[in-house]
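A closer look at the structure
Here is what each chain is made of, one letter per residue.
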Amino acid sequence: MAVKDRDRFSTATRIRLLGEQTAARVYRSQTKRQARRSRLTGRAALLALVLCSLIVALAYPIRQYVSQRAEIADLQREQEQARQRVEQLRDLKARWQDDAYAEQQIRQRLHYVMPGETGFIVVDPGAAQQSRADLGAADRPWYSNVWDGVDKSDASDQ
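First things first, this report covers the structure right here in the doc. (Residues numbered from 1 in each chain as written. Predicted model: local features only at pLDDT ≥ 70, side-chain atom pairs only at ≥ 80, totals over all residues. Heavy atoms only, no water.)

Thoughts on the pattern of salt bridges
Once the charged atoms of two side chains with opposite charge are near each other, the side chains can pair. What counts here: Salt bridge, as used here: a side-chain nitrogen of Lys or Arg that lies within 4 Å of a carboxyl oxygen of Asp or Glu. By definition, any uninterrupted DSSP run of H or I lasting at least four residues is a helix, any uninterrupted run of E lasting at least two residues is a strand, and each is numbered from the N terminus. Note on exposure labels: buried denotes an accessible area under 20% of the residue type's maximum, exposed denotes more than 50%, and partly exposed covers the range between, all computed with a 1.4 Å probe on protein chains only.
Summed over the entire model, instances satisfying the criterion amount to five salt bridges. With a shortest N-O distance of 3.5 Å, R83 and E80 are connected by a salt bridge. Note that R83 and E80 are positioned in helix 3 (residues 42-97) at a spacing of three residues, about one turn of the helix. With relative accessibility at 47%, the residue R83 sits in the partly exposed group. Here R107 and E103 are joined by a salt bridge, their closest N and O atoms 3.7 Å apart. A residue pair is termed a helical-turn pair when its members lie 3 or 4 positions apart in one helix, as R107 and E103 do in helix 4 (residues 99-110) at four residues.

Written as structure tokens, this is what we have:
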């Protein structure tokens, strides 16, 4: 055992151990470089090719899905608007069933008055001046007014 201990501490043994450790480090660094290079070759290219083909294959169906979802959302919005319109029309129908509302609308729209009441219509001043300008047309026969209308429409086209 003493020979082994003495051999362990000898300079030659130390140099040999240092050489082996250095060689092991150099070998490890070279294998790491080779491993890094080999990872970026065939497998990576195949993976990139598979991913690109998946993206290309799924692009159209995904676009279709998104457009169909947008169309469904539009149709749901239209359906909701139609429901609201139906509710408004039901409310309007219920109001027209009431005699007081019908009477109010008849008075307002058709200018009807009850017996004994006096009806007034307020005329827009601009409309009154326009009707006075057309007063001359009332003195002529109807066919003259028709031909004047045709002439005016032809003049407006030019």
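Regarding the packing of aromatic side chains
Stated formally: Think of it this way: a Phe, Tyr or Trp ring, Trp meaning its six-membered ring, pairs with another when their centres are within 6.5 Å, and the plane angle makes it stacked under 30 degrees, edge-to-face over 60, tilted otherwise.
For the structure on display, the rule yields two aromatic pairs. Consider the rings of W142 and Y143, whose centres lie 5.8 Å apart with planes at 80°: the pair is edge-to-face.

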